[in-house]
Structure formats: C-alpha cells, structure tokens
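Summary of structural features
One letter stands for each residue in the lines below.
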Amino acid sequence: MRIYNFSDAKLLELGNEKIAFMRRDAEAFAAYRLNETKFSELETKVNDFSNLITDIETSTEQVQITQQKNAKGEELRNAIRAVMTRAAQKYGMDSARYANYGTDTLSRQSDADLLVTAKRVVRVGTANLNDLQNEGLQQSHLDTVNTLNNEFNSLFIEQKMKISDRDIQQEDRVEDGNEIYLLLTKYTQTGQDIWESSDVAKYNDYIIYNTPSGEELPEEPKI
C-alpha cells in the first residue's frame, strides 16, 4: 500500500526540493548526524525512482500484446470455422459427429478453452480427414489450425507474463516510493525541530502535507 497520498511526480518534486533545503542548512543538520552522505543517498534513491518504468508504459505494453492475442484468436476461430463448415456439410450440424469437435460455443469460448478446442479440432479432423476430403478438407486446413493455435498460445502466455510483470513493477515502485517518503519525512521532521522556535520561514520549508496535491488543504469555510 502506498503510504503517501500524492503522485509519484510530486514525491520526486518534494524530494529534490527538500534535499536542496537540507544542503543549504547542512551545518544545522550535522548535529543530528545528517550530512552530505545521507543527502546523497536519498538523492540517489530519488533519481533511481525517477528512472523506473512507469505504469503507463507497462499498461501500454499489456494492451498491445492483448490486441495481438485477440487478433490471433480471431484468425484461429476463422480457421476452425473453415474445418467446421466442411464437417457440417458432411454430417449436419445436429449430428453427434459434428458435436464431437466441441465447437458449439466457439465465439464465446475463453482463451484457455479455445486452445483446447483447436487441438480437439485438429485431432478429430485428422481422424475424419478421409471422410471430409470430398467436402474439400485438406491436411493444410488442419495444419493452419495447429500453427495458429501455437501462435495464439505463445501470445496468451506472453499476455499473462506482461500482466505479472506489471504487477511486480507496480509493487516494486510502491515499495521504493514508500522508502523515499519515509526517509524524507524523517529528515524533514528533523528540519522542523531545528527551526520550530527560531525561524518560521525555514520551518515551513520542511513541511510535507500528505494530501493529494502535496499542499496544505484549504480551511473549511465557517458557517
């Protein structure tokens, strides 16, 4: 769970801003064992965080592979229909031999079911190839179904991997962001403690509001 309520872009902005203030006030922070080494470590975390792949990029990749998989799935269905049209001509759509192909819900089948159905069509079609040759069925039709099914399966697996990669990257990003936020609030709290009774302007420099905007919320109007 993300522990800060503002955007990652705002976290980066606040991180760079507060690091600059801490370097400005390095002499005061030194008494609390906060020095350039600590500031540089935090700055490195901020820079690394800014270079992480964003969810927009990973979601775009996921959409693209999904579109490719769906298009390949439609190609596969059409190849299966080419076989089933010939089976219907030979046996009739209400026959047990036709039903044996398992394609009655072809257009509504899930990806996993479609993979199984395609293999069944090739298997049953191969067994019935001699019967269906007079209807124009050739080995090439079954080979096409098999090839498209293999390609569809590869895209299906790749889509699952993209979804998993996106989840992992999002989890890593949240963890890294939380780590930066915790360090930032720890250091800025020290800054507030240093300046609370001596310099209001500098005290304000170290305030972080955990709001969607990262800014102080406006006061509720008095009724």
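Scroll up to find the structure.
Owing to the predicted nature of the structure, the values given are computational and were not obtained by experimental measurement.

Reading the values: the criteria
Residues numbered from 1 in each chain as written. Predicted model: local features only at pLDDT ≥ 70, side-chain atom pairs only at ≥ 80, totals over all residues. Heavy atoms only, no water. Phe/Tyr/Trp six-rings, centres within 6.5 Å; stacked < 30°, edge-to-face > 60°. Helix = DSSP H or I, 4+ residues; strand = E, 2+ residues; numbered from the N terminus. Buried < 20%, exposed > 50% of the residue type's maximum accessible area, 1.4 Å probe, protein only. Lys NZ or Arg CZ within 6 Å of the ring centre and 35° of its normal. Core = buried A, V, L, I, M, F, W, Y, C linked by side-chain atoms within 4.5 Å. Contact = heavy atoms within 4.5 Å.

The final tally for this structure, using the stated rule, is six aromatic pairs. Ring geometry for phenylalanine 29 against phenylalanine 39: centres 5.9 Å apart, planes inclined by 90°, an arrangement best described as edge-to-face. Residue phenylalanine 29 is located in helix α2 (residues 26–30), and its partner phenylalanine 39 is located in helix α3 (residues 36–50); the two are separated by ten residues in the primary sequence. Phenylalanine 39 gets classed as buried once you look at its relative accessible area, which sits at 1%. Among the aromatic residues, ring-to-ring pairing joins Phe21, Phe29, Phe39 and Tyr206 into one connected group. Here arginine 173 stacks its cationic end above the ring of phenylalanine 49, 4.6 Å away from the centre of that ring.

Moving on, we get to the nonpolar core. If you look at the biggest cluster of nonpolar residues, it comprises 24 residues, and the most contacted ones within it are Leu76, Ile80, Val83, Tyr101 and Val145. Every element with two or more residues in this core is listed here: α4 (55–91), α6 (111–127), α7 (129–132) and α8 (139–195). Broken down by element, the residue count for this core peaks at seven residues, all from α4. Those residues in contact with tyrosine 101, other than ones at most four positions away along the chain, are Val83, Met84, Ala87, Thr117, Arg120, Val121, Val124, Gly125, Asn128 and Leu132. Membership of the second largest hydrophobic core comes to 22 residues, among which are Phe6, Leu14, Phe29 and Tyr187.

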